[in-house]
Amino acid sequence: MEKWVSMPKVELHAHLNGSIRDSTLLELARGLGEKGVIVFSEFENVIQKGSANTHVKYDDRSLTEVFKLFDLIHIVTTDHNVITRVTQEVIEDFAAENVVYLELRTTPKKNESVGMTKHSYLEAVLEGVKAVSTVDVDFRPHDGDVRITGNAPPINDTCNGSTRKKIYVRLLLSIDRQGTAEAAMETVNLVLEMRDLGVVGIDLSGNPTVGEWTTYLPALKFAREQGLYVPNPKEIRSMLDFLPQRIGHACCFEEAEWEKLKSSNIPVEICLTSNIRTNTIPSLDVHHFADLYSKKHPLVICTDDSGVFATSLSNEYNLAASAFGLGRREIFELTRNAVEFVFADDGVKRELKELFRIAEQKLEQ
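Because the structure is predicted, anything quoted here is derived from the model rather than measured.

Caption draft 1: Focus on helix α5 (residues 80–96). Between the first and last C-alpha of α5 there are 24 Å, a value that for 17 residues agrees with the 24 Å anticipated at 1.5 Å per step. Buried within α5 we find V82, I83, T84, V86, T87, E89, V90, I91, E92, F94 and A95. Two or three places before N81, at the opening of α5, D79 has a side-chain oxygen 2.9 Å from that residue's backbone nitrogen. One or two steps after α5, the chain reaches N98, where phi turns positive at roughly 70°.

See the structure below:
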């Protein structure tokens, strides 16, 4: 596993709250149990199944248990301090396994009981970014120089004999499919208000059987007109016609839709463990990664919800290598190529390419 941990990585499909640490979730759940909000014993065992995060097999949690965790996370992430803590820990966890560029997705929440608005929710997320202490965070959205922590140079620097890591972080705000057209537009406007603080795009997420594509289309079109990045709308044919900058998962396509995807050359965010655990793909033997990879279609390996699915990006690399017969060089090329798909300016891309150029030299040693 060390060869995957040490490799620089790009993560483009990670949900903030779904990436919560098991230890943090256990602590928060125990607190809610003591307050009588939940029955802690109903959640304790399923949380502890993921305690050895990178060593848990993707089938250790049942689908029922996965959805149970999502329900619990929804309950615990309704407090500003929790949101700040989770954000800090998630960024530090990705940085610890050498993720050098991270895009986090989150759905802004309202909780009137604690005075939480969508705006204050996002402010709590930004406080979490500021609180990161184990790594320098570059939160620069365009060509400006907005850095949240530290004073790192473009490439990891060495100071006083120790290497100081650096991670680029960007945020995407998710439009909830259970919401209204007005709520979707509110989220887009929130992105526009916060775009100078590292919020760069819009995501449409949630249960694909809920809501209609036409409900959210005006907000997505408006977002694109304002220069925001828009990945991952769900209705397949309408999605492909919309030509998003990236597509998440790409499951359940028909033959004609596969052909349109390939001809459009839209990058696909591949989440292997998530796809298997949620039963959207029956097994890795029939996963579309193999076909797309053989056709040299642009791909990036991602985690989706690393906490819920008890995985890590290093683990996903290892899974892809073993399932599809890929070596270290092939996996390295996949993550290096993902730099072209990041929702960041050309200056960031140049710095990332230089980082991977240096890493490639070490790979050949």
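Caption draft 2: Structural context of the pairing of strand β7 (residues 199–205). Most of β7 is tucked away, with seven of its seven residues classed as buried. Sheet analysis places strand β6 (residues 166–176) next to β7, joined by six bridges and oriented parallel. Within β7, the position partnered with S174 by the bridge is D203. Each parallel crossover has a hand, and the one from β6 via helix α7 (residues 181–194) to β7 is right-handed.

Caption draft 3: Region of interest: the sheet that holds strand β10 (residues 299–301). Taken in spatial order, the three strands make up an open sheet running β8-β9-β10, and their pairing is parallel. The sheet is open, and its two borders are formed by β8 (247–248) and β10, each paired with just one other strand. Inspection of the sheet shows β8 paired to strand β9 (residues 268–270) by two bridges, in the parallel sense. Considered in β9, the bridge of G248 is made with E269.

Caption draft 4: Up close: the nonpolar core. Among the nonpolar cores identified, the biggest contains 118 residues, and Y101 and I331 are the most heavily contacted of them. Discounting residues that sit within four places of it in the chain, I331 has contacts with W4, M7, I301, Y317, A320, A321 and L326.

Caption draft 5: Structural context of the pattern of salt bridges. Overall, the coordinates contain 23 salt bridges when judged by the stated rule. Here K166 makes a salt bridge to E351, at a shortest N to O gap of 3.9 Å. With K166 in strand β6 and E351 in helix α15 (residues 346–363), this pair connects stretches of sequence that are 185 residues apart. The exposure classification of K166 matches that of E351, with both residues buried. A network of salt bridges, in which partner residues are shared, links R21, E27, R85, E89 and D93.

Caption draft 6: Broad picture of the pairing of β6. Across the 11 residues of β6, 10 count as buried, placing the element largely inside the fold. In terms of strand pairing, strand β2 (residues 99–106) meets β6 through six bridges, oriented parallel. Of the residues in β6, the one forming a bridge with L102 is V169. Two elements, strand β3 (residues 136–138) and β6, share three bridges in a ladder whose sense is parallel. The residue of β6 that forms the bridge with D136 is K166.

Caption draft 7: Examining the confidence of the model for the chain more closely. Counting all residues, the mean pLDDT for the chain is 88, and 89% of those residues have values of 70 or more. Note that pLDDT drops below 50 for residues 53–58; the model gives that stretch 17 contacts with residues more than four away or on any other chain. Contacts of residues 142–161 to residues separated by more than four positions or lying in other chains number 44 contacts, the stretch itself having pLDDT below 50.

Caption draft 8: Spotlight on the packing of helix α2 (residues 22–34) against helix α4 (residues 63–76). Direction vectors running N to C along α2 and α4 enclose 70°, while the axes themselves pass 10 Å from each other. One way to sum up the angle between α2 and α4 is to call them roughly perpendicular. Of the residues in α4, those touching α2 at L25, L28, A29 and L32 are L69, L72, I73, I75 and V76. Considering only residue class, the contact of α2 with α4 consists of nine nonpolar, no polar and no charged.

About the thresholds
- Residues numbered from 1 in each chain as written.
- Predicted model: local features only at pLDDT ≥ 70, side-chain atom pairs only at ≥ 80, totals over all residues.
- Heavy atoms only, no water.
- Helix = DSSP H or I, 4+ residues; strand = E, 2+ residues; numbered from the N terminus.
- Expected span 1.5 Å × (residues − 1).
- Buried < 20%, exposed > 50% of the residue type's maximum accessible area, 1.4 Å probe, protein only.
- Polar contact = N/O pair within 3.5 Å; in protein donor to acceptor, adjacent residues only side chain to side chain.
- Pairing = 2+ DSSP bridges.
- Right-handed = clockwise from strand over helix to strand, strands pointing away.
- Core = buried A, V, L, I, M, F, W, Y, C linked by side-chain atoms within 4.5 Å.
- Contact = heavy atoms within 4.5 Å.
- Salt bridge = Lys/Arg side-chain N within 4 Å of Asp/Glu carboxyl O.
- pLDDT = per-residue confidence, 0-100.
- Axes fitted to C-alpha atoms, helices over the stretch in contact; angles between N-to-C directions.
- Parallel < 35°, antiparallel > 145°, perpendicular 65-115°, else oblique.
- Nonpolar A, V, L, I, M, F, W, Y, C, P; charged D, E, K, R; others polar.

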